[in-house]
Amino acid sequence: MKKFLGFVLVIILIVGAVFCLRKPVSPKRAASQVAVVTSGYVPYILVREISGGRITPEMLLAPGSEPHSFEPSPGSLIAVHNAQAFFYVSPTLEPWVKDVLGAAGENTRVVALADAVIPTDDPHVWMDFDNVVKMAQLVQETLSQLDPKNASLYAENFTRFSQEISALDGEFKQVLLSCENREIIHIGHLAFGALAKRYNLALTALAGSSHDGEHSAKRLTELVKHIRAANVKALFTEDAVSPRLAQTVAVETGAQLLPLYTIEDISKDDFKRGATYQELMHRNLASLQEGLKCQK
């Protein structure tokens, strides 16, 4: 596979100036910026946060793409080959990344952000606030090594980010301390296990850790029965799940539908706006407060 990727990369580099290739999603980057490529939105927004917007990474995953089963384009290979740094979360979350790493250039720093945290079976490690701070610190250290002239800026931005996350954690603890219901029933995949565990909540999801699998009729029937039996008034869903599926469950059970944001994939509007990790987690807290009937 590596030999094949190498051959493909050579061909692409030769004819890239002639043929129009599909490029990663990103605004134009100034020539003075560090050339950074990220797998998806989690590393993308952390690079933006820590660099203070000074670095605009190229993001391989287009907004709304399925992060677990993405297929890299020729343009993706070129971007990673030319980058000074490539940030991704983990091979568990992004199994396709192995096909990209073979294209990394000799001077490309490859950084798996999940290496900064304690290993876990749950690939959605950024849903734990302690973990996301450690991931941000790894971004800060890497950028400082690549761009030592701005190391103090990156350090200051990391300090600000960690303080904001600490405050956000305090909000979650306060709001989720006294909820009438402590079970998150998610018409989606198991992306919120770390969050639920941190705040002593139960999580029941329709699918496993990846949302590209099919939902069995048996599992769906069992979930509907559980919702009715527990008299659940609110369900949670995500953008990556078919609206028709979530609405069907809501109609069958009479429950309200509320959004949760995994942050691993992002809508086009939120991407264009540059929605931050903090903003998206605040939205999650608002939905949880409403759906679980928590008193602030």
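Numbering of residues starts from 1 in every chain and runs along the sequence as written. For this predicted model, a pLDDT threshold of at least 70 governs which residues receive local features, and a threshold of 80 or more governs which side-chain atom pairs are given and counted, while totals over whole chains, interfaces and linings are taken from all residues. To obtain the side-chain values, all non-hydrogen atoms of the structure were included, while hydrogens and water were left out.

Student: How would you summarise the overall build of the protein if you had to cite specific residues and measurements?
Tutor: Only DSSP runs of H or I covering at least 4 residues are called helices, and only runs of E covering at least 2 are called strands; the numbering of each starts at the N terminus. Across its full length, the protein carries 11 helices and eight strands. Looking at the 296 residues of the protein, the share that counts as buried comes to 51%. Here, residues are in contact when the closest pair of their heavy atoms is within 4.5 Å. Partitioning the contacts of the protein with sequence separation of at least 6, the portion at a separation of at least 24 is 67%. Burial classes: relative accessible area under 20% of the type maximum marks a residue as buried, over 50% as exposed, and values in between as partly exposed (1.4 Å probe, protein chains only).

Student: I'd like to hear about the packing of helix 8 (residues 217-229) against helix 9 (residues 243-253), residue by residue, with values.
Tutor: In this analysis, axes come from line fits to C-alpha atoms, helices being fitted only over the stretch in contact, and the angle between any two N-to-C directions falls in the range 0 to 180 degrees. Interaxial distance between helix 8 and helix 9 falls to 10 Å at its minimum, and their mutual angle equals 40°. With respect to each other, helix 8 and helix 9 are oriented oblique. Two packed elements cross with a definite hand, and for helix 8 against helix 9 that hand is right-handed. Residues Leu220, Val224, Ile227 and Arg228 of helix 8 form the contact with helix 9, whose own contacting residues are Leu245, Val249, Glu252 and Thr253. Classification used: nonpolar for Ala, Val, Leu, Ile, Met, Phe, Trp, Tyr, Cys and Pro, charged for Asp, Glu, Lys and Arg, polar for all others including Gly. Looking at the contact of helix 8 with helix 9, its residues break down into five nonpolar, one polar and two charged. In these notes the angle categories are as follows: under 35 degrees is roughly parallel, over 145 is roughly antiparallel, 65 to 115 is roughly perpendicular, and the rest is oblique. By convention the crossing between two helices is left-handed if the near helix lies anticlockwise of the far one by an angle smaller than a right angle, and right-handed if it lies clockwise.

Student: Pulling in residues and values, what's your account of the side chain of asparagine 157?
Tutor: When you line up the elements, asparagine 157 lands in helix 6 (residues 151-175). Aside from chain neighbours lying at most four places away, what touches asparagine 157 is Glu49, Ile50, Ser51 and Gly52.

Student: A description of the pairing of strand 6 (residues 202-205) should follow, citing residues and the corresponding values.
Tutor: One bridge is not enough; two strands pair if DSSP finds at least two bridges between them. Bridge count for strand 5 (residues 183-187) against strand 6 is four bridges, and the pairing is parallel. Each residue of the ladder has a partner; that of isoleucine 185, found in strand 6, is threonine 204. By the criterion used throughout, a crossover qualifies as right-handed when its path from the first strand across the helix to the second strand runs clockwise, the strands pointing away from the viewer. At this point the chain moves from strand 5, through helix 7 (residues 193-198), to the parallel strand 6, and the crossover so formed is right-handed.

Student: Describe the pattern of salt bridges, and please don't skip the residues or the numbers.
Tutor: Salt bridges are defined as contacts in which a side-chain nitrogen from Lys or Arg sits within 4 Å of a carboxyl oxygen from Asp or Glu. In total, this model carries 12 salt bridges according to the counting rule given. In this structure, a network of salt bridges that share partners links the residues Asp128, Asp130, Asp169, Lys173 and Arg198.

Student: Which residues make up the sheet that holds strand 7 (residues 234-237), and what values go with them?
Tutor: What the four strands build is an open sheet, ordered 6-5-7-8; its pairing is parallel. Edge positions in the sheet fall to strand 6 and strand 8 (256-259), since each of these pairs with one other strand and no more. In this sheet, adjacent strand axes meet at a mean angle of 35° when their direction is disregarded. As paired elements, strand 7 and strand 8 share four bridges and run parallel to each other. Residue pairing for strand 8: phenylalanine 236 is matched across the bridge by leucine 258. The strands touched by helix 9 within the sheet are strand 5, strand 7 and strand 8, with strand 7 carrying the most contacts at an inclination of about 175°. Across the sheet, helix 11 (residues 277-291) is in contact with strand 5, strand 7 and strand 8; its angle to strand 8 comes to roughly 160°.

Student: Please set out the packing of helix 6 against helix 11 residue by residue, giving values where relevant.
Tutor: In the contact formed by helix 6 and helix 11, the axes pass within 11 Å of each other and the chain directions differ by 0°. By the angle between their axes, helix 6 is roughly parallel relative to helix 11. For the pair helix 6 and helix 11, the contacting residues are Arg160, Phe161, Glu164, Ile165, Leu168, Glu171, Phe172 and Val175 in the first and Tyr277, Gln278, Met281, His282, Leu285, Leu288 and Gln289 in the second. A class-by-class count of the residues in the contact of helix 6 with helix 11 yields nine nonpolar, three polar and three charged.

Student: Talk me through unusual backbone geometry; I want residue IDs and the actual numbers.
Tutor: For asparagine 200, which is not a glycine, the phi torsion comes out positive at approximately 55°. You can see asparagine 200 is positioned in the loop between helix 7 and strand 6. Here asparagine 231, not a glycine, exhibits a phi torsion of approximately 55°, which is positive.

Student: Can you break down the sheet that holds strand 2 (residues 58-59) residue by residue, with the values?
Tutor: On the basis of which strands lie adjacent, the open sheet formed by four strands has the order 2-1-3-4 and parallel pairing. Either end of the sheet is taken by a strand with one partner, and the two such strands are strand 2 and strand 4 (109-112). Sheet analysis places strand 1 (residues 36-38) next to strand 2, joined by two bridges and oriented parallel. Pairing of threonine 38 across the sheet is with methionine 59, part of strand 2.

Student: Quick one: what's the story with the pairing of strand 3 (residues 85-88), residue by residue and with numbers?
Tutor: The side chains of a regular strand alternate, first on one face of the sheet and then on the other. Neither face of strand 3 is left uncovered, since the one carrying Ala85 and Phe87 and the one carrying Phe86 and Tyr88 both have all their residues buried. In this structure, strand 1 lies alongside strand 3, joined through three bridges in parallel fashion. In the sheet register, valine 37 faces strand 3, and the bridge partner there is phenylalanine 86. Both strand 3 and strand 4 contribute to a ladder of four bridges, which runs parallel. Within strand 4, the position partnered with phenylalanine 87 by the bridge is valine 111.

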